[in-house]
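Listed below are the residues making up each chain.
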Amino acid sequence: MAILIKNATTVVTMDATLTELAHADIRVEHGVITDIGTGLDSTDETIDASGCVITPGLVNTHHHLYQTLTRAVPGGQDALLFGWLQTLYPIWSRFGPDEMFTSAQIGLAELALSGCTLTSDHLYLYPNGARLDDTIAAAQEIGMRFHPTRGAMSIGESDGGLPPDSLVEDEAAILEDCIRVIDTHHDPREGAMVRVGVAPCSPFSVSRELMRDAALLARDKGVMLHTHLAENDEDIAYSLEKFGCRPGQYAEDLGWTGPDVWHAHCVKLDGQEIDLFAKSRTGVAHCPCSNCRLGSGIAPVRAMRDAGVPVGLGVDGSASNDAGNLVAEARQAMLLQRVANGANAMSAREALFIATRGGAEVLGRTDCGQIAIGKRADIAIWDVTGVESAGSWDPAALLLAGPTQVKHLLVEGRQIVRDGRVTSIDLPRMVERQNALARGLMG
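All figures in this text were calculated on a predicted structure; none of them were measured in a lab.

Procedures and definitions
- Residues numbered from 1 in each chain as written.
- Predicted model: local features only at pLDDT ≥ 70, side-chain atom pairs only at ≥ 80, totals over all residues.
- Heavy atoms only, no water.
- 1 Å grid on protein atoms, 1.4 Å probe; cavity = no way out; pocket = protein on both sides within 12 Å on 5 of 7 lines; lining within 4 Å.
- Points joined across faces, edges and corners; volume = space filled by probe spheres on them.
- Helix = DSSP H or I, 4+ residues; strand = E, 2+ residues; numbered from the N terminus.
- Nonpolar A, V, L, I, M, F, W, Y, C, P; charged D, E, K, R; others polar.
- Axes fitted to C-alpha atoms, helices over the stretch in contact; angles between N-to-C directions.
- Parallel < 35°, antiparallel > 145°, perpendicular 65-115°, else oblique.
- Left-handed = near helix turned anticlockwise from the far one by under 90°.
- Contact = heavy atoms within 4.5 Å.
- Buried < 20%, exposed > 50% of the residue type's maximum accessible area, 1.4 Å probe, protein only.
- Disulfide = S-S within 2.5 Å.
- Core = buried A, V, L, I, M, F, W, Y, C linked by side-chain atoms within 4.5 Å.
- Phe/Tyr/Trp six-rings, centres within 6.5 Å; stacked < 30°, edge-to-face > 60°.
- Lys NZ or Arg CZ within 6 Å of the ring centre and 35° of its normal.
- Salt bridge = Lys/Arg side-chain N within 4 Å of Asp/Glu carboxyl O.

A few words on empty space enclosed by the protein. Following the criterion strictly, the structure yields 3 cavities of 30 Å³ or more and no others. Put simply, the largest cavity is a space of about 120 Å³. Of all the elements, helix H1 (residues 81-92) adds the most residues to the lining of the largest cavity, at 4 residues. Counted by class, the lining of the largest cavity contains 8 nonpolar, 6 polar and 2 charged residues.

If you want it as structure tokens, here you go:
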């Protein structure tokens, strides 16, 4: 079925020349943008975008969807990273398949309402029969374009790691399951709705051997690699003590740099590490709200961008952010760079670029992240007639004065948000289910 989006006030394309179009229409056919112009003929279905700004769908490059079940947990609300993890691990150990599926649906719906069409997810614990397949099923039901990563932890407390022994896995079994989920779910084709990555949790929760073997496996299978890196001062101290080097060198030594790799956080990268990532085209998932919440610091995004490091945005897990609103995350990214480097350090449009095309490039999706003919029809439509934009002289500067919830959202040409409501699932019922599961975990 063809869809015509008509009469948009502004279309922010994020194309090769960063074109912005006034009073434009967009035609979508078979999940692809086929025409952009003014006064296009009507087709099977029309969406009226009068009074709206259109952007590419936002792209989330780092999340832990399961954590939507553990927002604002007492004991972890004011802790640094390592203490926060030690508070949450025992709770997460009581999860099972139902918790994984439901929490993923809630997290994905929250992202969709904030304009997100493509998200990664980093699931690194599998208690009580939970599998990566649980989250993939949730994404398929919602209709979100999904890049889940098969995470893992293999060093428990008895071996000097942070997680309890009950949450770690045998390394051979980890690699075997990575092969299973890739063979079952990964789609390398253009327009793919599901791609799978390999993602040992962090250098302090798996062995050097697993990091190296994961990189070899991912490259053999042609999939991407993801992990946490250089998140805070504790992270740097651990790397220096245990490995005798900084995280960037550790990553390089084990094959964890290149255009098929992206690292979450990177708050504490130094100049040499930034240069390494720029030269190798290693991507970064910047998670500003989580970094603030955990007191980790302000990532050097301005220096990364200036050096040529590919940078996308991530909301991170809801247990360390308490929210999964990606457009709000983009605004926070802009504000933090201004706090660190001055009021002209990052414009609203640059932050929006990072949240759209920048994230798509980090995830290796050249088919997404732009409003351009031939690109996938992942489209966010923002109503700028409301109170948030009232008086704005520049409606396209959404991150300065604009809504934080999308009016309409298309993924692969299918409308999964209509008039501010998720269309693909019964969200109120899922919220009830989520709250019931959370109450059960509190017992």
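On we go from here.
Of the voids in this model, the largest pocket is the one considered here, and its volume is about 280 Å³. As for the largest pocket, its lining consists of 16 residues, and the residues nearest its centre are Leu 69, Thr 70, Arg 71, Ala 438 and Met 442. The element contributing the most residues to the lining of the largest pocket is helix H13 (residues 427-442), with 7 residues. A class-by-class count of the residues in the lining of the largest pocket yields 10 nonpolar, 4 polar and 2 charged.

This paragraph deals with the packing of helix H3 (residues 132-142) against helix H4 (residues 171-185). Between H3 and H4, the least distance of the axes is 11 Å, while the angle of their chain directions is 25°. Regarding the angle of H3 to H4, the classification is roughly parallel. You can see that H3 and H4 cross each other, and the crossing is right-handed. When H3 is examined against H4, the residues Leu 132, Asp 133 and Ile 136 are found in contact with a partner set consisting of Arg 180, Val 181 and His 185. For the contact of H3 with H4, the per-class residue count stands at 3 nonpolar, 1 polar and 2 charged.

Attention now moves to unusual backbone geometry. Of note, the phi angle at Ala 230 is positive, near 50°, even though the residue is not glycine. Along the chain, the position of Ala 230 falls in the loop between strand S10 (225-229) and helix H6 (233-243). For Asp 316, which is not a glycine, the phi torsion comes out positive at approximately 60°. By the secondary structure assignment, Asp 316 is in the loop between strand S13 (311-313) and helix H11 (326-341). Exposure remark for Asp 316: the relative accessible area of 3% places this residue in the buried category.

Attention shifts here to the state of the cysteines. Joining two cysteines, a disulfide is a covalent bond between their sulfur atoms. Summed over the entire model, instances satisfying the criterion amount to 0 disulfides. No disulfide involves Cys 266; its sulfur sits 9.2 Å from the nearest other cysteine sulfur, which is in Cys 287.

Within the secondary structure, Ser 389 is located in the loop between strand S14 (379-383) and strand S15 (408-411). Setting aside chain neighbours within four positions, we find Ser 389 in contact with Val 384, Ala 401, Gly 402 and Pro 403.

Take the nonpolar core next. Counting 121 residues, the largest nonpolar core has Trp 84, Leu 85, Trp 92, Tyr 124 and Trp 256 as its most contacted members. Val 11, Ala 24, Ile 47 and Ile 54 belong to the second-largest nonpolar core, a separate cluster that totals 17 residues.

As a further point, take the packing of aromatic side chains. Each aromatic ring pair is described using two quantities: the centre-to-centre distance and the angle formed by the ring planes. Within this structure, the stated rule accounts for 8 aromatic pairs. Judged by centre distance (6.0 Å) and plane angle (75°), the rings of Tyr 238 and Phe 243 are edge-to-face. The burial state of Tyr 238 is the same as that of Phe 243; both residues are buried. Arranged with centres 3.9 Å apart and planes meeting at 15°, the rings of Phe 243 and Tyr 250 form a pair that is stacked. On the accessibility criterion, Tyr 250 (2% relative accessible area) is buried. Through a chain of ring-to-ring contacts, the aromatic side chains of Tyr 66, Trp 84, Tyr 89, Trp 92, Phe 95 and Tyr 124 assemble into a single cluster. Between Arg 150 and the ring centre of Tyr 126, over which it is positioned, the NZ or CZ distance is 4.2 Å.

A few words now on the side chain of Thr 135. Note that Thr 135 resides in helix H3. Under the relative-accessibility criterion, Thr 135 is labelled buried at 2%. When sequence neighbours within four positions are dropped, the list of residues in contact with Thr 135 reads Met 100, Ala 104, Asp 121, Leu 123 and Phe 146.

Under the counting rule described, the total for this entry stands at 26 salt bridges. In this structure, Arg 180 engages Asp 133 in a salt bridge whose closest nitrogen and oxygen atoms are separated by 2.8 Å. With a gap of 47 residues between them, Arg 180 in helix H4 and Asp 133 in helix H3 connect regions that are remote in the sequence. Of the charged contacts, one joins Glu 350 and Arg 305 as a salt bridge, the two residues approaching to 3.0 Å between their closest N and O atoms. Remark: Arg 305 occurs in helix H10 (residues 301-307) and Glu 350 occurs in helix H12 (residues 348-362); sequence separation between them is 45 residues. Given a relative accessible area of 26%, Arg 305 falls into the partly exposed group. Among the charged side chains, a salt-bridge network with shared partners connects Arg 131, Asp 133, Arg 150, Glu 169, Asp 177 and Arg 180.

Attention now goes to the environment of Ser 202. Along the chain, the position of Ser 202 falls in the loop between strand S9 (197-200) and helix H5 (208-221). As a C-alpha pair, Ser 202 and Phe 146 span 56 residues in sequence and 21 Å in three-dimensional space. What Ser 202 contacts, discounting residues up to four positions off in sequence, is Thr 227 and His 228.

Our focus in this paragraph is the environment of Ala 328. Tracing the backbone shows Ala 328 in helix H11. When its relative accessible area of 32% is taken as the criterion, Ala 328 is described as partly exposed. In this structure the C-alpha to C-alpha distance between Ala 328 and Thr 404, which are 76 residues apart in sequence, comes to 6.3 Å.

A few words now on the packing of helix H2 (residues 97-113) against H13. The geometry of H2 relative to H13 is characterised by a closest axis approach of 10 Å and an angle of 130° between their N-to-C directions. In terms of orientation, H2 and H13 fall into the oblique class. Crossing of H2 over H13 shows left-handed handedness. Counting all contacts with H2, which are made through Asp 98, Glu 99, Phe 101, Thr 102, Ser 103, Gln 105, Ile 106, Ala 109 and Leu 113, the residues of H13 involved are Leu 427, Met 430, Val 431, Arg 433, Gln 434 and Leu 437.

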